[in-house]
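# Breakdown of the fold
So you can see what is in the structure, the chains are spelled out below.
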Amino acid sequence: MDGVSDMIKFQNVSVEIKCKKILSNINLTVNDGEFVLLCGESGCGKTTLTRLVNGMIPHFVKDVKVDGTVTVNNIDIAESPMYKIAESVGSVFQNPKTQFFNTDSSAEIAFGLENIGADRDYMCKRVAQTISDLEIENLADRNVFSMSGGEKQLLAFASVYAMNPQIYVLDEPSANLDHEAIGKLRKILETVKKGGHTVLIAEHRLSFLYGLADRIVYLKDGCIEKYFTAAEFAAISESERIAMGLRSICSEEIDIPERVIMQPDSSLAVHHLSVKRKKQPVIHDLSLSANVGDIIGIVGKNGSGKSTLCSSLCGLLPTADGEVIFRSRKLSRRARNKQFGVVMQDVNHQLFSDSVKNECLSANPNATDQEIEDLLNSFDLLDCIDRHPLTLSGGQRQRLAICQAIMGKKKFLIFDEPTSGLDFRHMCRVTEWLKQLAQKGYILFVVTHDYEFLNRACNCYIQIGKPDEPTERKSRSSERSASIS
Amino acid sequence: MTRRISALDPRAGIWLLLLANIGMFCEKYAWQNTALSVMFLLLLLLYRQYSAVWKGALLIVVFRLLLKFVFPLCPHIINMVFPVLINYTLRMMPCILAGILLVRNASMQKMIAVMRALHLPQGFITAISTTLRYFPAVKDEFGHIRAAAKLQNIPLSERLESTIVPIMMSAVNTSDEIAAAAVVRGIENPCKKTSYIRLRITAFDWLIMALATVYTAVTVWMGYRI
């Protein structure tokens, strides 16, 4: 018997999903109590590797072919039912909205324990201990639907922690979190590590894991390209990191000016805007100004009102007070509906037609074929003109949503978390598109928690609610300036 | 000092829903239906569901007035369709109100605990609980799709047709994610499940059940006597 020192073991593992090779010949051993970070560009196979450990592959994901063996805590994953694997492996996914089952947070923490038929007294003890260990007293006995995304993600983690699995598998748990929630997530991971648990985490945002990861596995095109110790990883140069397509290893502070003063003669002016949701004030007395070509970052904690502000700017929500003025003319809600375009975080929500061309036509029925082709060409989409939008890749869909807004003659574009879950290369591409659009005379608003992106893409920012307090490793300004591509 | 009434026990809620169904099937006259609806409106009032009370009451009054004063004056074509629809809605009103009373008082975890206490098959409980969890999740997504359709100036007449694909996609993705999160937390475990929520049926719940049973029985019985 191997004993427990080899907690996770991949032996010659190759994976094909829908006849597409995702992983090739993976050999990896994770020791008991080790904290391993999986990194690499989007599509390199990080998520697939985590799914092999929690049993989603081969038990849950369809059309999948796996060669080789994966053992976890001496259990052969392919041979064990999911509920057996769940006793050893706790999983936290990317989307906090779809990871809870109960409306009451304390009952949610006990969800996994209910499933294994734990005694009620033990459950009560475990729930209380989880709340105290993870210092989440503010989350106890709350309605889950009233929680912010960050709180929901911490709750998902707490629910897994209560089951006390030996192994934690996390798939981009920080993708939708603000800096404060990421700081809390880091603290929880520290507690888990101190408790001697094994952690396997796939992430793009690397800075919050500094000092936690014992070993870093860099994947490229479905293969393990390189292993790093924590010290080796911290020592890699900026140019090397960029070549590897990785996000910053250090956390970044906002390095662009905050727009706090109304600029005279600005094209767009928002005066004393107040917005309510369910009769509760969310935005109070906000004023801002913007000029053609501005890219303005909108930052703030989860639940601070960034989405409310955007919905109100677009005219989707009524304003309780204040006005929006463009070139000395007050814009009604209807006018704002017409002039503001949004590129949503999940672009699938806004693609309605059966082809890329028709998507552009639906935005502007009078557009000529030539106009559509020119536009699609400028966003590298001409080859896909007859394809169904939902068959495009994530990046192509995002670009199509931009084309749609341009076709619709929008003057202002709002981007909601455009770099959520993106690697460095894709983040730089999004930055390029935004700059191109600004040069063409659009006014852009970008809602983001991603300061690395904010510093590169935006020329100023506005803060909604109280500022975030990052708890990650701070970057040196020289590192940052060197990494601007 | 006023004492706050604790939420209705889900088992009591299910009993009231059963009474509403029995009442609906046994009623012979409109006044019986109104009497049962009034009972559930009073119960909703007791459990502080004020919005449901006034909306339900308004609907009943408007529908009764329409049936009594407006439809008799309307052309035959209107009388062929609408009174039937309204009559059926009114007939179902006690059940609708009892359903609201149950849903507003019993959280999902309480309902699951009740189903486990009633020894219902695990497969059935899992299916019901994931379905109940699914609707609030997709509601949020549908809101985003509606907003996107509005910003693209898609006419109302075309909105249903154009939003159906993103709605289906979002529904499929959401159900996949919820199912994945449930499965990795051992929902398929065949062992006997336990409940964190402790159900306590209070003396007040018993009193409510008893009064409602007597009231329903008397209402039904009077219909047969007349």
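All values derive from a computational prediction rather than experimental measurement.

### Remarks on the overall build of chain B
Across its full length, chain B holds 8 helices and 0 strands. The order of helices and strands in chain B, counted from the N terminus, is α-α-α-α-α-α-α-α. A compact globule built from 226 residues should have a C-alpha radius of gyration of about 17 Å, whereas chain B, at 22 Å, is more than 25% larger. Overall, the C-alpha framework of chain B stretches about 60 × 55 × 40 Å when taken along its three principal axes. Within chain B, the fraction of its 226 residues that count as buried is 31%. Considering only residue pairs separated by 6 or more positions, chain B has 80% of its internal contacts joining residues 24 or more positions apart.

### Quick notes on the overall build of chain A
Along its length, chain A carries 18 helices and 19 strands. For a compact globule of 485 residues, the expected C-alpha radius of gyration is about 23 Å, and chain A comes in at 24 Å, within 12% of that figure. Each of the three principal axes of chain A carries a C-alpha extent, and together these read 75 × 50 × 45 Å. For chain A, the residues scored as buried account for 49% of the 485 residues in total. Sequence-distant contacts, at least 24 apart, represent 74% of the contacts inside chain A between residues at least 6 apart.

### Quick notes on the pairing of strand β4 (residues 64-72) of chain A
Residues and elements named next belong to chain A. Pairing of strand β1 (residues 6-17) with β4 involves 8 bridges; the strand directions are antiparallel. Bridge pairing in β4 places Q11 opposite T69. What sits between the antiparallel neighbours β4 and strand β5 (residues 75-76) is a turn of 2 residues, in which N73 has the positive phi angle 55°.

### Description of the interface of chain A and chain B
Counting from both sides, the interface comprises 49 residues of chain A and, opposite them, 45 residues of chain B. Contributions of two or more residues to the side of chain A that touches chain B are made by α3 (82-88), α5 (111-115), α6 (120-133), α12 (333-339), β16 (340-343) and α13 (356-363) of chain A. Each residue belonging to the side of chain A that touches chain B can be placed in one class, and the counts come to 24 nonpolar, 18 polar and 7 charged.

### Some thoughts on helix α8 (residues 203-225) of chain B
Turn by turn, an α-helix covers 3.6 residues, leaving residues three or four places apart pointing in a common direction. Compared with an ideal rise of 1.5 Å per residue, which puts 23 residues at 33 Å, α8 of chain B spans 33 Å between its outermost C-alpha atoms and is within 8% of the ideal. On the buried face of α8 of chain B, the contacting elements are α1 (10-26) and α2 (30-46) of chain B.

### Observations regarding the packing of α2 of chain B against α8 of chain B
Two packed helices can be described by the angle between their axes and the distance between those axes. Residues and elements named next belong to chain B. Close contact between α2 and α8 brings their axes to 10 Å; oriented N to C, the two are set at 170°. One way to sum up the angle between α2 and α8 is to call them roughly antiparallel. Residues Q32, A35, L36 and M39 of α2 form the contact with α8, whose participating residues are A212, Y215, T216, T219 and G223. Tallied by class, the residues present in the contact of α2 with α8 amount to 5 nonpolar, 4 polar and no charged.

### Some thoughts on the packing of helix α7 (residues 149-162) of chain A against helix α8 (residues 179-194) of chain A
Residue and element names in this part refer to chain A. At a closest axis distance of 9 Å, the pairing of α7 and α8 adopts a crossing angle of 15°. By the angle class used here, α7 and α8 are roughly parallel. Here the hand of the crossing between α7 and α8 comes out right-handed. Within the contact between the two elements, α7 uses G150, Q153, L154 and F157 and α8 uses E180, A181, K184, L185 and I188. Split by residue class, the contact of α7 with α8 holds 5 nonpolar, 2 polar and 2 charged.

### Quick word on the sheet that holds β5 of chain A
Residues and elements named next belong to chain A. As summarised here, the arrangement of the 4 strands in space is β2-β1-β4-β5, forming an open sheet in which the pairing is antiparallel. Each edge of the sheet is formed by a strand with only one pairing partner; in this case those strands are β2 (20-31) and β5. Where β1 lies against β2, 8 bridges are found, and the strand directions are antiparallel. Its bridge partner lying in β2, I17 is registered against K20. Packed on one face of the sheet, helix α1 (residues 46-54) meets β1, β2 and β4 and runs near 60° to β2.

### Some thoughts on helix α16 (residues 424-439) of chain A
Residue and element names in this part refer to chain A. Helix length check: α16, at 16 residues, gives a terminal C-alpha distance of 23 Å against a target of 22 Å (1.5 Å per residue), a fit within 8%. Along α16, the residues classified as buried are F424, H426, M427, V430, T431, W433 and L434. Looking one or two residues beyond α16, the residue adopting positive phi is G441, at roughly 105°.

### Some thoughts on the sheet that holds strand β9 (residues 215-220) of chain A
Residue and element names in this part refer to chain A. Pairing is mixed across the open sheet formed by 6 strands, whose spatial order is β6-β7-β8-β3-β9-β10. Lying at the two open borders of the sheet, with one neighbouring strand each, are β6 (89-92) and β10 (223-229). Strand-to-strand twist in this sheet, taken as the mean axis angle between neighbours without regard to direction, amounts to 20°. As paired elements, β6 and strand β7 (residues 167-171) share 4 bridges and run parallel to each other.

### Things to note about the environment of L90 of chain B
Inspection of the secondary structure puts L90 of chain B in helix α4 (residues 76-105). The sequence separation of L90 of chain B and G123 of chain B amounts to 33 residues, and the corresponding C-alpha distance is 35 Å.

### Concerning the nonpolar core
Ranked by size, the top nonpolar core spans 165 residues in total, and within it L38, L200, I414, L444 and V446 of chain A carry the most contacts. In terms of residue count, α7 of chain A provides more of this core than any other element does, 8 residues in total. Setting aside its immediate chain neighbours within four residues, L200 of chain A contacts I8, V30, V36, L38, T50, V53, I167 and V169 of chain A. Counting residues in hydrophobic clusters, the runner-up holds 22 residues, among them A12, L36, A98 and I100 of chain B.

### With respect to the environment of N95 of chain A
Position of N95 of chain A among the secondary structure elements: in the loop between β6 and α4 (105-109). Sequence separation between N95 of chain A and A175 of chain A is 80 residues, and the spatial gap between their C-alpha atoms is 8.0 Å. When near neighbours in sequence (up to four residues on either side) are disregarded, N95 of chain A contacts N176 of chain A together with E177 of chain B.

### Notes on the confidence of the model for chain A
Summary statistics for chain A give a mean pLDDT of 87 and a share of 95% for residues scoring 70 or more. Of the regions scoring below 50 in pLDDT, residues 470-485 of chain A engages in 36 contacts with residues more than four places distant in sequence or in other chains.

### Description of the environment of L49 of chain A
Residue and element names in this part refer to chain A. In this structure, L49 sits in helix α1. The exposure class assigned to L49 is buried, which follows from the 30 C-beta atoms found within 10 Å. For the pair formed by L49 and V292, sequence separation is 243 residues and the distance between their alpha carbons is 45 Å. In this structure, L49 is in contact with L23, I26, L38 and A202, ignoring residues within four places of it in sequence.

### Considerations on the confidence of the model for chain B
Across chain B, pLDDT averages 88, with 98% of residues at or above 70. The ipTM, which scores confidence in the relative placement of chains, is 0.81 for this predicted complex, and the corresponding pTM is 0.82.

### A few points about unusual backbone geometry
Residue and element names in this part refer to chain A. Backbone torsion omega between I57 and P58 reads 10°, so that peptide bond is classified as cis. Topologically, P58 is positioned in helix α2 (residues 56-59). One non-glycine residue, N74, lies in positive phi territory at about 65°. Tracing the chain through its elements places N74 in the loop between β4 and β5. In the Ramachandran plot, N164 falls in the positive-phi region, its phi being about 50° despite a non-glycine side chain. Position of N164 relative to the elements: it lies in the loop between α7 and β7.

About the cut-offs
- Residues numbered from 1 in each chain as written.
- Chains lettered and ligands numbered in written order.
- Predicted model: local features only at pLDDT ≥ 70, side-chain atom pairs only at ≥ 80, totals over all residues.
- Helix = DSSP H or I, 4+ residues; strand = E, 2+ residues; numbered from the N terminus.
- Rg over C-alpha atoms; globule rule 2.2 N^0.38 Å.
- Buried ≥ 20, exposed ≤ 12 C-beta atoms within 10 Å, placed from the backbone.
- Contact = placed C-beta atoms within 7 Å.
- Pairing = 2+ DSSP bridges.
- Nonpolar A, V, L, I, M, F, W, Y, C, P; charged D, E, K, R; others polar.
- Expected span 1.5 Å × (residues − 1).
- Axes fitted to C-alpha atoms, helices over the stretch in contact; angles between N-to-C directions.
- Parallel < 35°, antiparallel > 145°, perpendicular 65-115°, else oblique.
- Left-handed = near helix turned anticlockwise from the far one by under 90°.
- Core = buried A, V, L, I, M, F, W, Y, C linked by C-beta atoms within 7 Å.
- pLDDT = per-residue confidence, 0-100.

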